[in-house]
Amino acid sequence: MTDRSLIARPVAHRVRWRTPSFDRISFYGLPLVLPLAVLTIWQVATVRGWLAPQILPSPSDVAVTFIDLFVSGDIVTGLAISLRRILVGFALGATGGLVLGVALGRSIRVEQYVGPSLRAIAQVPSLGWLPFLMLIFGLGETLNYVVIAKACFVPIALSTAAGIRNIPVRYIEVARVLRLRRRTMVLRVVLPGALPTIFSGVRIALGHAWIAMVVVEMLADTAGVGYMMTWGRTLFQIDIVIVGMVVIGIVGFAMDAGLRATERRLRQWTPDHV
Amino acid sequence: MRATNLLDIRAVSKTYIVDDEPVEVLRNIHFTVAEEEFVTVIGESGCGKSTLLRLIVGLDIGYCGDILLDGTRIAAPGRDRGIVFQDHRLLPWLSVEQNVALGLDASDESPAAVKQAVAANLDLVKLADFGRAYPHQLSGGMAQRAAIARALVAKPRILLLDEPLGALDSQTRAYLQDELLRIHQRGKVTMVMVTHDIEEAVYLSDKIVVMEPRPGRVRGIVPVELPHPRNRAAADFIAVKERVLASLVNGPPLCFDAAPKSRPIVPDGRARRFG
């Protein structure tokens, strides 16, 4: 008599859940579990009065404040100012970082002169520069741009240099054999080859820039989302602070998602598994 | 009949420094390649045949002896030489057309002329319909043909092939061997190909340079005087194959061509093959 339990049993009952619709639900649904859980605990905490409403306003209070701030235009104006700053600062810092990164990655001499200093500077948080930069540029738009640009500049320069140095030698050899012109070399070999690494640097840069911007607005400015939060804290209106946090989180997430989509489009030449 | 030597390799030696130790890769290499000749260099791995191609193409210019192309010593990559590597090395982010056009980047051709040359060469390698495709969309054989087009587009005097068919399946390989012959005959291109496949060497070339390893030396040069198209099963084909094999394995050194005056003494007591 054969022991039937030893015969391989079909495992269909385990696989059944792995249907396309289940995958879709898990793709869109699972990331929402954690925020919903936090929201629930938050709601329970306020209903039960675990914390004073002055310290932790209820989700519905925050929602009302959000709508008020939205309708009054405070959020929109603040956000427009903040996004403008990010845009200008990021454009300045990213361009500079890209240029220096290409120079660092292509020239050993530039790397020897500048590389170690840049890596040392990278260790000082952008905000560590703030008191110093405030003295130089004073309070105002220039200061915002400089701090944001600096936050972008360093990670983009370093990742561009690393990406260029990691381009496979076989492509560099092809370029040498074909005696490509410098311009073609940079535009057709070096930058596309370094693109994945550059993009991870750009994403880090945008994250740093966003953080730097909020903090500069909180400490040294009178407009923007960051200022709105300081203002809320001064008035002891924590709901405004929370609205600010949520807006900053969502916009930052959206920018990162936009960057990832851009990268995917720029990298259409690779099959998905590479 | 082939009086002019396009490529003249004279007493070429090459030593790498690995971990402060000198490693001799090539010792006293001599051979010549005539205009429009198809020469293969054959030998087991480690005999420095790829290194030799890198020296000829100009990727590595630190060598002793002389590599003369049309009488001029090679000191850098140049338009007069094209190379196809074992891996196709097409840039994955450029289309086939764009990859091939890179071959003319250093030239002063007008965009229209470049376009025409690219189209003509894609046509030559039978990829006319795949100009817009990206390398990852091509099969291995097609990618290698695109690489050949890229190497030929600048009309080099000599095409160097570093085991270009080594990574392909045998069917594609046989097909591409015929394609190489067709390109060789139609384009009147001089070709130097490195391979470790004896049959491929006999099938394709006018002359086979047999090398031995550690350090890489020329053991012998076997002329192949069979008419094209060659029949792999014919008796004279097999005879040439046997001769190459014999000189590869343990036969006496064969020298039918401009031979070096003196062969250096083999230091590690491998003189048995002379006996």
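Residues numbered from 1 in each chain as written. Chains lettered and ligands numbered in written order. Predicted model: local features only at pLDDT ≥ 70, side-chain atom pairs only at ≥ 80, totals over all residues.

Concerning the packing of helix α4 (residues 74–106) of chain A against helix α10 (residues 224–234) of chain A
If you want to describe how two helices pack, look at the angle between their axes and the distance between the axes.
All names here are of chain A.
Now for step 1: Look at α4 against α10: their axes get within 6 Å of each other, and the N-to-C directions meet at 130°. With respect to their mutual orientation, α4 and α10 come out oblique. Across the interface between the two elements, D74, G78, L79, I81, S82 and R85 of α4 pack against G224, V225 and M228 of α10.
Now for step 2: For the contact of α4 with α10, the per-class residue count stands at four nonpolar, three polar and two charged. (Axes fitted to C-alpha atoms, helices over the stretch in contact; angles between N-to-C directions. Helix = DSSP H or I, 4+ residues; strand = E, 2+ residues; numbered from the N terminus. Parallel < 35°, antiparallel > 145°, perpendicular 65-115°, else oblique. Contact = placed C-beta atoms within 7 Å. Nonpolar A, V, L, I, M, F, W, Y, C, P; charged D, E, K, R; others polar.)

Some words on the pairing of strand β1 (residues 5–18) of chain B
Residue and element names in this part refer to chain B.
Now for step 1: When β1 meets strand β2 (residues 21–34), the two strands line up antiparallel, connected through 10 bridges. Bridge assignment links V18 to a residue of β2, and that residue is E21.
Now for step 2: By the bridge criterion, five bridges tie β1 to strand β4 (residues 64–69) in an arrangement that is antiparallel. Across the sheet, S13 pairs through a bridge with C64, a residue of β4. (Pairing = 2+ DSSP bridges.)

With respect to the interface of chain B and chain A
By a widely used convention, the size of an interface equals the accessible area lost when the partners come together.
Now for step 1: With 16 residues of chain B in contact, the opposing surface of chain A contributes 17 residues.
Now for step 2: Each residue belonging to the side of chain B that touches chain A can be placed in one class, and the counts come to 11 nonpolar, two polar and three charged.

Digging into the environment of K49(B)
All names here are of chain B.
Now for step 1: Considering the arrangement of structural elements, one finds K49 in helix α1 (residues 49–57).
Now for step 2: On the neighbour-count criterion, K49 (25 C-beta atoms within 10 Å) is buried.
Now for step 3: For the pair formed by K49 and G216, sequence separation is 167 residues and the distance between their alpha carbons is 7.5 Å.
Now for step 4: Look past the residues within four positions of K49 in its chain and what remains in contact with it is V41, G43, V194, M211 and G216. (Buried ≥ 20, exposed ≤ 12 C-beta atoms within 10 Å, placed from the backbone.)

Observations regarding the nonpolar core
Now for step 1: One finds I148(A), C152(A), A209(A) and A146(B) to be the most contacted residues of the largest nonpolar core, which totals 131 residues.
Now for step 2: A per-element tally of this core places helix α9 (residues 182–220) of chain A first, with 15 residues.
Now for step 3: The residues touching C152(A), leaving out its near neighbours within four places in the chain, are G89(A), F90(A), G93(A), A94(A), G97(A), A205(A), H208(A) and A209(A). (Core = buried A, V, L, I, M, F, W, Y, C linked by C-beta atoms within 7 Å.)

What about unusual backbone geometry?
All names here are of chain B.
Now for step 1: Of note, the phi angle at D20 is positive, near 65°, even though the residue is not glycine.
Now for step 2: With respect to the helices and strands, D20 occurs in the loop between β1 and β2.
Now for step 3: Phi at K126 takes a positive value of approximately 60°, unusual for a residue other than glycine.
Now for step 4: Positionally, K126 belongs in the loop between α3 (111–124) and α4 (140–152).
Now for step 5: With 13 C-beta atoms packed within 10 Å, K126 lands in the partly exposed category.

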